Amino acid sequence: MIESLQKKISSDRALLRKMVQSSAIVVAALVALALPLGYALITYHYEVADAQQKARLSATQVARYIFQHPNLWQFHSERLAETIGTNDSDATRNIQRRIVSANGKIVSARGAISARFTMVQRAPIVVGNEVIAQLELEVPVDLLLQRIGFTALISACLGLLAYFAFRILPLYALDKTLGDIGRLQSSIVRQNDELTNQNRRLLEQEETLRQRSDQLAGAQRLGKMGDWSYRLGDAELWWSPEVYRLLGYDPARFNVSRETVMSVYIGDGARRVIETQSDVMRTGSVRDVDVKVRRGDGSICDVVVTSQVMTDDAGRTIGFLGTIQDITARKVAEEQLEKLAYYDPLTGLANRALFQRELNDSLTRCGRTGAQAALLLLDLDRFKEVNDSLGHAAGDELLTKVSYLISRVVDSSHFLCRLGGDEFAIIMPEYRDIAEVRELAGAVIAAVAGSILLDRGEANIGTSIGIALIPQHGSNVSDLQRNADLALYRAKEEGRGRFSFFETGMSEAVQHKIALARDLRRAVDDNSGLFVHYQPQVDLATDRVTGFEALMRWTHPAFGNVPPSEFIPIAESSQLICDLGLWIMREAAQQAKAWLDAGEPARAVSVNVSAAQIWNTDITADVARILDEIGLPPHLLCLELTESMLADHTEARFRKVLVALKELGVTLALDDFGTDYSSLGYLTQLPFDKLKIDRLFVDGITEAARARKLLEGIIALGRGLGMTIVAEGAEKPEEVEILRTFGCDMVQGYVFARPTGATAALAVAWKFEGKEPGLRELPPASGTSLPGTPQLSAVA
Amino acid sequence: MIKSRMQNACIVIVTGFALWLASAEDSNAELLRTGGTGSTVETLRRLGVAFTKIEPGTRIEVVAGLGSSGGIAAVAAGAIDFSISGRPLGAADDQALKASVIARTPFGLASSHPNPGDVRSVDVADLFGSATAVWADGKPVRPVLRPKSDSDSLLLVRLFPKLAASLEKLRQRAEVPVAATDQDNATVAEQLAGSLTGMTLAQLQTENRQLHWVSVDGVMPTLQNLENGAYPHGKDIYLVVSSRATPALDRFRAFLGSSEGQKVLRENGSLPVQP
């Protein structure tokens, strides 16, 4: 098409060039000929007319003169000459006037003429109706011819110019126009190509947009979200397909009018949506509102309706647009979160957060109404042992059952919650008599007391209760909690299974214990104030010290030496006992290694291991790491475990731990045998190396034969099982001799030495070996505090 | 102007009618036809009357308006018997003619102003040439021109210094009248207030014109002043004849030389000159 157009343009161009050239010739000819010809005609006509006029005028003048001077007028040449030239200066005009008589003779003449070409005009001189002469006026036409010639020359030039102007300029314009058309054509071709490319890109973008629209629709489906819009004044809204799908309505049947859409909202949802959109209209902000809607199948779902104003190009509000997102799952999760936030997932009771809010409400209510309320804090007795012995699962089961038992004795007005661990709380919102509080506390204690059957066994626990009255015992939540906690502490101190009301003065004793617990923690963390005493164990067969029991001592920076009977329970109640056990194990091992490195004979060190270390820590790993770090031969480390830690725990797990420890090569001793839940089965089933007989069986053997028999039986039993027998608490040489008689292997007691510092303890060992103290300087174990004066006090 | 022309026409008609009556009365009398300068036309007529009284058989016919040049040409052509010219023969004239001075008349400046006063001869040129020239009483001077070839024009240029340029300048002024004949000149001068023109005493005196002499250098152009030389400006009057002299002409020439003829000349403002 472009090529045919180019051919057409070329042919038209040639035709136009011919036409233009012909037109230029015609115009040039007209200009070159018509102009001088016209000028000549006009000028000649003017000159002739002028000469005629002058001739007639002069002829009239001459006629008048002759009429006045008829006699011999032919001889009046001078005056006639004057007469015919009175109207102009012929000399200056280069004109000659002549009076020619009838016989052709010049009567008079005026003016001289010097020209190559002249023109003569004649006028008759008529006197008395008779032409008596002719007046000839001869004027030069050289100038006229020159002007005509000049005009012709100019015209020729103009014609030439016209020719070129009419030929060149149009052709130039034509060529320029055709050039412009060519460039325009090229531009059109380029633009066409560009448009083609743009069209292709648009198609690609359209495809991309379609894909992204699909992706957006997919994303909306994934996000359970759809968009909507509404133009002010319109009867209907617009819903995206996803909105229909979310809400379960058929686009073909459901008319999205404003009324039908509002009817979808449940409760005050429609009102809140309208209020939100009014706010959006007023502030221009983006707002959302959570509402419930009825789906097409009648089910209810939660959605969040997000709205913002829709504006035109001028920024005027023309409607709304926004999204609808199904947040049912989120709502369910929020409700669950709320439950998690305010309820104990194990027992289903309210948790501490809700407790504090409820307690605050009770406090406020009592302050406002003058009513009296009570806060009962419960702590299960011996729950820790159950947890440690039977495991967390059993503990959780116990907590669940305890929660059930307590909930049975409280009524609906009471607020029961689990604060954490084995702590519970009851808020008695109102009481009239303090007896009601006592009655409730007693009922709760009774409900929890006794055996509780668990999947893995039976648990015998109880509960202690501390009571703080609202508002007498506290004007705020923290005071009430602290005072009820003090009362609980008192109840536990008084023997457990009791309840105690808060009394003024409770706080000081409890605060002292709390301060000790805090300072003990700091002492462990800073490794300051804690040190180890060693009590020798004497081998009765060789009369040599073959081991030491490491016993912890604590010197408080303010209170001085704190007896183990005071700080060990504090440590056990706060799980600090695990850290303390690990600490003394490391200290004792280092000391033993130091002695060994100093050339001393191999002597074992014994450390006590708490149940918490068995159940709550990886003691096997801890022991292995310590032995590895220090390099102490494992058999020189003896771990002493009590029977009590077996009471509430499964034997299998305990055995598993002991076997693992045994595999490390350490020595295992059963401590305080016979004082608690002694089970002869342990002796045969568990891999103990040593049996430590409590002082209870040693004390009085010199006087009581039954005691001696019992001791002898125990020793014989142990020896029969291949265990090394260690008797504790021997204070008299006689007792030692009896033990020796019964075949006891080792004795540990005041009869030989009290627990003392490492140096003093070693001195005792040397003494048994006949060495003089001070002969050699032995290094203490690094990090071990050695008091200047040994504290010879036994472990509680 | 129209009136003047009518007067001239009447004069011509009356003169012609008188000549016709004379010829009719005496158709056998010998006729001498003459013409020439207009300033002596009336003098010629009076000479003719005087001559005819003496010689009744000869009548003098004066053709008016020929002028000096026309008269010479007419003599050459045989149209008239002799001519009275105000100029001598020139190169362009028929060399067969003969001219001789027969009289001399004062040539002066005349004006219609009643008291034109005096003018120095050196100021004459300015008097003609200046457009702002005024008479003694402050009235403007209005010159009258003559044809360039007229004998009086030639005479004026010859008599007064720098007048040729002034006249040529004057001719550029279209409002200035040009009188073709001496009679036209006198008539226009009479009719034009404050006029100034050149004129002979013979014409002014014989035609009784209402004009007044302008004294030149304090001297009036009287015959006496011309004769005694006090007034230097005069115009020679020539008698031009052809070789075809007739007895009547000869008698007339003789009459001019006679005391009677000279008397007539003197009485008409001309000093006779012996041929």
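As the structure is a computational prediction, the values presented were derived from the model and not from experiment.

**Considering the overall build of chain B**
So, point 1. For chain B, the count of helices and strands is 11 helices and 10 strands.
So, point 2. For chain B, the residues scored as buried account for 53% of the 275 residues in total.
So, point 3. For chain B, restricting intrachain contacts to residue pairs at least 6 apart in sequence, the fraction spanning at least 24 positions comes to 75%.
So, point 4. When the accessible surface of chain B is summed, it comes to about 12,000 Å², and 56% of that surface belongs to carbon and sulfur atoms.

**Focus on the domain arrangement of chain A**
Quite often, the size of an interface is put as the accessible area lost when its parts meet.
So, point 1. By the assigned domains, chain A splits into domain 1 (2-145), domain 2 (224-330), domain 3 (343-504) and domain 4 (518-768).
So, point 2. The centre of domain 2 of chain A, based on its C-alpha atoms, is set 76 Å off from the matching centre of domain 4 of chain A.

**Topic: a nonpolar patch on the surface**
Residues and elements named next belong to chain A.
So, point 1. A cluster of nonpolar side chains, contributed by Leu-35, Phe-150, Leu-153, Ile-154, Leu-158 and Leu-161, occupies part of the molecular surface with about 560 Å² of accessible area.
So, point 2. Ranked by residue count, the leading element in the nonpolar patch is helix H4 (residues 142-223), at five residues.
So, point 3. If you trace the backbone, Ile-154 turns up in helix H4.
So, point 4. Classification of Ile-154 as partly exposed rests on a relative accessible area of 34%.

**Let's talk about the pairing of strand E17 (residues 544-556) of chain A**
Residue and element names in this part refer to chain A.
So, point 1. Of all 13 residues in E17, 10 are buried; the element is thus mostly enclosed.
So, point 2. In this sheet, E17 lies alongside strand E16 (residues 530-539) in antiparallel orientation, the contact comprising 10 bridges. Note that in E17 the partner of Asp-539 across the bridge is Arg-544.
So, point 3. The turn linking E16 back onto E17 is made up of four residues, and Asp-543 within it adopts a positive phi angle of 55°.
So, point 4. Where E17 lies against strand E19 (residues 604-608), three bridges are found, and the strand directions are parallel. Counterpart to Glu-549 in the pairing with E19 is Ser-606.
So, point 5. Across three bridges, E17 lies against strand E18 (residues 560-562) in antiparallel orientation. The partner of His-556 across the bridge, within E18, is Gly-560.

**A look at the state of the cysteines**
So, point 1. Within this structure, the stated rule accounts for zero disulfides over all chains.
So, point 2. Its sulfur unpaired, Cys-744 of chain A is 14 Å from the next cysteine sulfur, which belongs to Cys-638 of chain A.

**With respect to the confidence of the model for chain A**
Low pLDDT means the predicted coordinates in that region are not meant to be read closely.
All names here are of chain A.
So, point 1. For chain A, per-residue confidence averages 85 on the pLDDT scale, and residues scoring 70 or more make up 93% of the total.
So, point 2. Below pLDDT 50 for its whole length, residues 774-778 participates in 10 contacts with residues either more than four positions away or in separate chains.
So, point 3. A low-confidence stretch, residues 782-796 stays under pLDDT 50, and its non-local contacts, those more than four residues away or across chains, total 37 contacts.

**Comments concerning unusual backbone geometry**
Glycine aside, the phi torsion of most residues is negative, and most peptide linkages are trans.
So, point 1. Of the consecutive residues Ile-470 of chain A and Pro-471 of chain A, the connecting peptide bond is found in the cis state with omega at 10°.
So, point 2. Inspection of the secondary structure puts Pro-471 of chain A in the loop between strand E14 (457-470) and helix H13 (477-493).
So, point 3. Even without being a glycine, Asp-672 of chain A presents a positive backbone phi close to 50°.
So, point 4. Counting through the fold element by element, Asp-672 of chain A comes out in strand E21 (residues 667-673).
So, point 5. Judged by its relative accessible area of 23%, Asp-672 of chain A falls in the partly exposed class.
So, point 6. Its identity as a non-glycine residue notwithstanding, Lys-162 of chain B has a phi of 65°, on the positive side.
So, point 7. Summarising the element assignment, Lys-162 of chain B is placed in the loop between helix H5 (151-159) and helix H6 (163-171).
So, point 8. According to the relative accessible area criterion, Lys-162 of chain B is exposed, its value standing at 72%.

**Some details on the interface of chain B and chain A**
So, point 1. Contacts between the two partners involve 25 residues from chain B, matched on the other side by 10 residues from chain A.
So, point 2. When chain B packs against chain A, close to 1,500 Å² is buried across both sides, 60% of that on carbon and sulfur atoms.
So, point 3. The tally of links from chain B across to chain A stands at one residue pair in polar contact (both at pLDDT 80 or more).
So, point 4. Broken down by element, the residue count for the side of chain B that touches chain A peaks at seven residues, all from helix H3 (residues 67-77) of chain B.
So, point 5. Broken down by class, the residue content of the side of chain B that touches chain A amounts to 12 nonpolar, seven polar and six charged.

**A closer look at the domain arrangement of chain B**
Residues and elements named next belong to chain B.
So, point 1. Split into domains, chain B comes out as domain 1 (2-104 + 235-272) and domain 2 (106-227).
So, point 2. Facing 21 residues of domain 1, the contacting portion of domain 2 comprises 20 residues.
So, point 3. Summed over both sides, the interface of domain 1 with domain 2 buries roughly 1,700 Å², with 53% coming from carbon and sulfur.
So, point 4. Area buried by domain 1 at its contact with domain 2 is led by Ser-39, Lys-235 and Leu-271, which between them contribute 31% of it.
So, point 5. Taken together, domain 1 and domain 2 are joined by two salt bridges.
So, point 6. The partner of Glu-227 in a salt bridge is Arg-266, with the nearest N and O atoms 3.1 Å apart.
So, point 7. Every element with two or more residues in the side of domain 1 that touches domain 2 is listed here: helix H1 (2-25), helix H2 (41-54) and helix H11 (259-267).
So, point 8. Here the side of domain 1 that touches domain 2 is composed, by residue class, of two nonpolar, 12 polar and seven charged.

**Examining the pattern of salt bridges**
All names here are of chain A.
So, point 1. Taken as a whole, this structure holds 67 salt bridges over all chains when the rule is applied.
So, point 2. Across the pair Asp-180 and Lys-176 runs a salt bridge whose closest N-O atoms are separated by 3.4 Å. Pair noted here: Asp-180 and Lys-176 are both in helix H4, with a separation of four residues, about one helical turn.
So, point 3. Overall, the relative accessible area of 31% leaves Asp-180 in the partly exposed class.

**Side note on the sheet that holds strand E3 (residues 118-127) of chain A**
Residue and element names in this part refer to chain A.
So, point 1. The sheet built from four strands is open, its strands ordered E2-E1-E4-E3 with antiparallel pairing. Only two strands of the sheet have a single partner each, and these edge strands are strand E2 (106-110) and E3. Mean inter-strand twist for the sheet, computed between neighbouring axes without regard to direction, equals 20°.
So, point 2. With six bridges connecting them, strand E1 (residues 96-101) and strand E4 (residues 130-140) associate as antiparallel partners. Bridge pairing in E4 links Ile-99 to Leu-135.
So, point 3. The sheet contacts of helix H2 (residues 77-84) involve E1, E2 and E4, and relative to E2 the element is tilted by about 50°.

**Quick notes on the packing of helix H14 (residues 506-526) of chain A against helix H16 (residues 576-597) of chain A**
Residues and elements named next belong to chain A.
So, point 1. At a closest axis distance of 11 Å, the pairing of H14 and H16 adopts a crossing angle of 35°. At the point where H14 passes H16, the crossing takes the left-handed sense. Of the residues in H16, those in contact with Ala-517, Leu-520, Arg-521 and Val-524 of H14 are Leu-576, Asp-579 and Leu-580.
So, point 2. Among the residues making up the contact of H14 with H16, the classes are represented as five nonpolar, no polar and two charged.

**Quick word on the nonpolar core**
Residues and elements named next belong to chain A.
So, point 1. Tyr-534, Leu-637, Leu-639 and Leu-739 are the most contacted members of the largest nonpolar core, which has 80 residues in total.
So, point 2. Examining the composition of this core, we find that 11 residues originate from one element, H16, more than from any other.
So, point 3. Those residues in contact with Leu-739 that sit more than four places away from it in its chain are Leu-540, Val-698, Leu-711, Ile-715, Ala-727, Ala-730, Cys-744 and Val-747.
So, point 4. Counting residues in each nonpolar core, the second largest holds 34 residues, with Leu-380, Val-402, Leu-405 and Ile-467 among its members.

**Let's talk about the sheet that holds strand E8 (residues 300-311) of chain A**
Residue and element names in this part refer to chain A.
So, point 1. In space, the five strands of this open sheet follow the order E6-E5-E9-E8-E7, with antiparallel pairing throughout. The open sheet has two edge strands with one neighbour each: strand E6 (238-239) and strand E7 (287-294).
So, point 2. Examined bridge by bridge, strand E5 (residues 225-231) and strand E9 (residues 317-326) share seven bridges and lie antiparallel to one another. Residue pairing in the sheet places Arg-231 in a bridge with Gly-319 of E9.
So, point 3. Where H4 meets the sheet, its contacts fall on E5 and E9, and the angle it forms with E5 comes to roughly 110°.
So, point 4. Helix H8 (residues 328-342) contacts E7, E8 and E9 of the sheet and is inclined by roughly 120° relative to E8.

**Some thoughts on the pairing of E3 of chain A**
Residues and elements named next belong to chain A.
So, point 1. Of the two faces of E3, only the one carrying Met-119, Gln-121, Ala-123, Ile-125 and Val-127 is buried; Thr-118, Val-120, Arg-122, Pro-124 and Val-126 on the other face are not.
So, point 2. With 10 bridges connecting them, E3 and E4 associate as antiparallel partners. Across the sheet, residue Val-120 finds its bridge partner in E4, namely Glu-138.
So, point 3. Hairpin connection between E3 and E4: a loop of two residues separates the two successive antiparallel strands, and Gly-128 in this loop has a positive phi of roughly 60°.

**Side note on the packing of aromatic side chains**
Residue and element names in this part refer to chain A.
So, point 1. If you walk through the whole model with that rule in mind, you get 15 aromatic pairs over all chains.
So, point 2. Ring centres of Trp-239 and Tyr-244 lie 5.3 Å apart, and the angle between their planes is 65°; on these two criteria the pair is classed as edge-to-face. Here the two residues Trp-239 and Tyr-244 agree in accessibility, since each one is buried.
So, point 3. Through a chain of ring-to-ring contacts, the aromatic side chains of Trp-239, Tyr-244, Tyr-249 and Phe-254 assemble into a single cluster.

About the thresholds
Residues numbered from 1 in each chain as written. Chains lettered and ligands numbered in written order. Predicted model: local features only at pLDDT ≥ 70, side-chain atom pairs only at ≥ 80, totals over all residues. Heavy atoms only, no water. Helix = DSSP H or I, 4+ residues; strand = E, 2+ residues; numbered from the N terminus. Buried < 20%, exposed > 50% of the residue type's maximum accessible area, 1.4 Å probe, protein only. Contact = heavy atoms within 4.5 Å. Areas by Shrake-Rupley, 256 points an atom, 1.4 Å probe, with all protein chains shown as cover. Domains from an automatic or database assignment. Patch = residues over 30% accessible without salt bridge, like charges linked within 9 Å, V, L, I, M, F, W, Y side chains within 5 Å. Salt bridge = Lys/Arg side-chain N within 4 Å of Asp/Glu carboxyl O. Pairing = 2+ DSSP bridges. Disulfide = S-S within 2.5 Å. pLDDT = per-residue confidence, 0-100. Buried area = accessible area lost by both parts, 1.4 Å probe. Polar contact = N/O pair within 3.5 Å; in protein donor to acceptor, adjacent residues only side chain to side chain. Nonpolar A, V, L, I, M, F, W, Y, C, P; charged D, E, K, R; others polar. Axes fitted to C-alpha atoms, helices over the stretch in contact; angles between N-to-C directions. Left-handed = near helix turned anticlockwise from the far one by under 90°. Core = buried A, V, L, I, M, F, W, Y, C linked by side-chain atoms within 4.5 Å. Phe/Tyr/Trp six-rings, centres within 6.5 Å; stacked < 30°, edge-to-face > 60°.

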